[in-house]
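An overview of the molecular structure
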Amino acid sequence: MTREEELIQRYFDAFNSHDIEGVMACYHDDPVLVAPDGKRCEGRAAVRKSYEREFAMFPDAHCDLRTCTGNTGKGLAESFFTGTREGHGRVEAIGAEVLEIVDGKIKEIRDYHHPVQAKAA
């Protein structure tokens, strides 16, 4: 396993434990999150607040890491997100995260998750 792949695994483990300190330990000093709609979240305080909101919104949030690869400062992870949001019910999304890694930390994550459509009966 490469160092990039180990970092991705640590990040997913911390996310799934809702360990905000563990998640932030995976991030570079000047991180960026890019949402599927292109909205950018920049800086440690903003990234931390984003995760705190997500954990509060989805108290059972879980991202199943399906596959990941990484090398030479780049990473790619495919995952399946599940969580229950009060008033909205269960949410499922599948997608990928494209990561830029600098000095052994996540500098940027570009998130490409999209909701899974319920199948008609």
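Before reading on, note that the structure itself is shown above.
Residues numbered from 1 in each chain as written. Predicted model: local features only at pLDDT ≥ 70, side-chain atom pairs only at ≥ 80, totals over all residues. Heavy atoms only, no water.

**Structural notes on the state of the cysteines**
For clarity, the cut-off: The term disulfide is used for any two cysteine sulfur atoms that are within 2.5 Å.
One pass over the full model with this rule turns up 0 disulfides. We note that Cys41 lacks a disulfide partner, and the nearest cysteine sulfur, in Cys26, lies 16 Å from it. The thiol of Cys68 is not disulfide-bonded; the next cysteine sulfur, from Cys26, is found 12 Å away.

**Focus on the pairing of strand E1 (residues 27-34)**
Applicable threshold: We call a residue buried when its accessible area falls under 20% of the maximum for its residue type, exposed when it is over 50%, and partly exposed in between, using a 1.4 Å probe and counting protein chains only. Per the convention used, a helix needs a DSSP run of H or I reaching at least four residues, while a strand needs a run of E reaching at least two, with both numbered from the N terminus. In short, DSSP must find at least two bridges between two strands for them to pair.
With 6 of 8 residues buried, E1 lies mostly within the body of the structure. Relative to strand E6 (residues 105-111), E1 is paired through 4 bridges, and the arrangement is parallel. Counterpart to Val32 in the pairing with E6 is Glu108. As defined by bridge partners, E1 adjoins strand E2 (residues 40-42) across 3 bridges and the pair is classed as antiparallel. The residue bridging Val34 from the neighbouring strand is Arg40, located in E2. As consecutive antiparallel partners, E1 and E2 are separated by 5 residues, and within that stretch Gly38 has a phi angle of approximately 90°, a positive value.

**Structural notes on the pairing of strand E4 (residues 74-85)**
Side-chain direction in a regular strand flips from residue to residue, so the side chains alternate between the two faces of the sheet. Where strand E3 (residues 62-71) meets E4, 9 bridges bridge the pair, whose relative direction is antiparallel. Considered in E4, the bridge of Asp64 is made with Phe80. Counting the residues in the hairpin turn of E3 and E4 gives 2 residues, including Thr72, whose phi is positive at 45°. Bridge count between E4 and strand E5 (residues 89-102): 12 bridges; the pairing is antiparallel. If you follow Lys74 over to E5, its bridge partner there is Glu100. Between the end of E4 and the start of E5, which pair antiparallel, lie 3 residues, with Gly87 showing a positive phi angle near 85°.

**So, unusual backbone geometry**
Of note in the backbone geometry, Thr72 takes a positive phi value of approximately 45° without being a glycine. Considering the arrangement of structural elements, one finds Thr72 in the loop between E3 and E4. Residue Thr72 is classed as exposed on the basis of its relative accessible area of 70%. A positive phi is found at Asp103, a non-glycine position, where the angle reads about 55°.

**What about the pattern of salt bridges?**
Defined as follows: Every case where a carboxyl oxygen of Asp or Glu lies within 4 Å of a side-chain nitrogen of Lys or Arg is listed as a salt bridge.
Here the structure, examined in full by the defined rule, presents 8 salt bridges. Notably, a salt bridge pairs Asp30 with Lys107, separated by 3.5 Å at the nearest N-O pair. Highlighted residues: Asp30 in strand E1 and Lys107 in strand E6, separated in sequence by 77 residues. For Asp30, a relative accessible area of 44% translates into the label partly exposed. Owing to a relative accessible area of 22%, Lys107 belongs among the partly exposed residues under this scheme. Here Arg66 and Asp64 are joined by a salt bridge, their closest N and O atoms 3.5 Å apart. Overall, the relative accessible area of 45% leaves Arg66 in the partly exposed class.

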